[in-house]
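Breakdown of the fold
Next come the chains, spelled out residue by residue.
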Amino acid sequence: MRRQLVPFLVLALSVLAIVPLRAQEKPTIVVQAFATAAGVSWPYDARQMTAQTIAELQHKDGNTFDVSSEAPTGRSRVYTLNGEVLEWNPGNRAKRMMIGYGSGRETAKIHYWLSDQTGKKVFEHEDIIRAEFWGNEYAGSVGQLAHPFADKIATRLKEAKL
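In short, a report on the structure. This is a predicted model, so every value here is computed, not measured.

**Quick word on the environment of Glu25**
Structurally, Glu25 can be placed in the loop between helix H1 (2-23) and strand E1 (28-31). Here Glu25 falls in the buried class, since its relative accessible area comes to 12%. Counting along the chain gives 40 residues from Glu25 to Phe65, while the straight-line C-alpha distance between them is 9.1 Å. If we skip the residues at most four places from it in the chain, Glu25 touches Arg75, Ser76 and Arg77. Of the polar contacts made by the side chain of Glu25, one reaches the side chain of Ser76; its length is 3.0 Å.

Printed below as a string of structure tokens:
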């Protein structure tokens, strides 16, 4: 009787060890380039904004999500991040210098959402992003809004609790 029970217990324990690993699999977010609404001028390269968003999501939410620009195979929870830029205001350097206190900064209104594998929206949000108060270290290569754009999305997705 014991000889028959040992292989059964080994098999049962190995199955139980695998099941939690599958249940704890992190969701994957596939980041797509944002579109620009009709009639909106947007001076940024969508590929650079996508790369910045992926980097920021990996940095801020890497413990919660796997982030990629390509859809992985064999994953059970894959979400696609899409969005569009609804408005853009280049800001006014003179106003920023004369009035100060963050006025006159470059701004954009963005709408973004996560869709599951069936295309159903599971999270949707609209935000206004502003250039950082003192600028940022990436401004020369990707512009003033790249970091706040990615940072805002990362913060909101963490709140989404997928």
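So, next bit.
**A few points about the pairing of strand E6 (residues 121-130)**
In this structure, strand E5 (residues 107-115) lies alongside E6, joined through nine bridges in antiparallel fashion. Residue Trp113 lies in a different strand from E6, and its bridge partner there is Glu124. Where E5 hands over to E6, the hairpin turn is made up of five residues, of which Gly119 adopts a positive phi near 95 degrees.

**Describing the nonpolar core**
Core analysis: the largest hydrophobic core is formed by 28 residues, its most contacted members being Leu81, Ile153 and Leu157. Every element with two or more residues in this core is listed here: E1, helix H2 (46-61), strand E4 (78-89), E5, E6 and helix H5 (146-160). A total of five residues in this core trace back to one element, the largest contributor, which is H5.

**Describing the packing of aromatic side chains**
Within this structure, the stated rule accounts for four aromatic pairs. Ring plane angle 65 degrees and centroid distance 5.0 Å describe the contact between Phe34 and Phe149, whose orientation is recorded as edge-to-face. Residue Phe34 is found in the loop between E1 and strand E2 (35-36), and its partner Phe149 is found in helix H5; the two are separated by 115 residues along the sequence. This pair shows no difference in class: Phe34 is buried, exactly as Phe149 is. Judged by centre distance (4.9 Å) and plane angle (65 degrees), the rings of Trp42 and Tyr44 are edge-to-face. Lying over the aromatic face of Trp113, Lys121 brings its terminal NZ or CZ to 4.5 Å of the ring centre.

**Some thoughts on the pairing of E5**
The element E5 is extensively covered by neighbouring structure, given that eight of its nine residues are classed as buried. As judged from the nine bridges shared by E4 and E5, these two strands associate in the antiparallel manner. Residue Trp88 lies in a different strand from E5, and its bridge partner there is Ala108.

Cut-offs and rules
Residues numbered from 1 in each chain as written. Predicted model: local features only at pLDDT ≥ 70, side-chain atom pairs only at ≥ 80, totals over all residues. Heavy atoms only, no water. Helix = DSSP H or I, 4+ residues; strand = E, 2+ residues; numbered from the N terminus. Buried < 20%, exposed > 50% of the residue type's maximum accessible area, 1.4 Å probe, protein only. Contact = heavy atoms within 4.5 Å. Polar contact = N/O pair within 3.5 Å; in protein donor to acceptor, adjacent residues only side chain to side chain. Pairing = 2+ DSSP bridges. Core = buried A, V, L, I, M, F, W, Y, C linked by side-chain atoms within 4.5 Å. Phe/Tyr/Trp six-rings, centres within 6.5 Å; stacked < 30°, edge-to-face > 60°. Lys NZ or Arg CZ within 6 Å of the ring centre and 35° of its normal.

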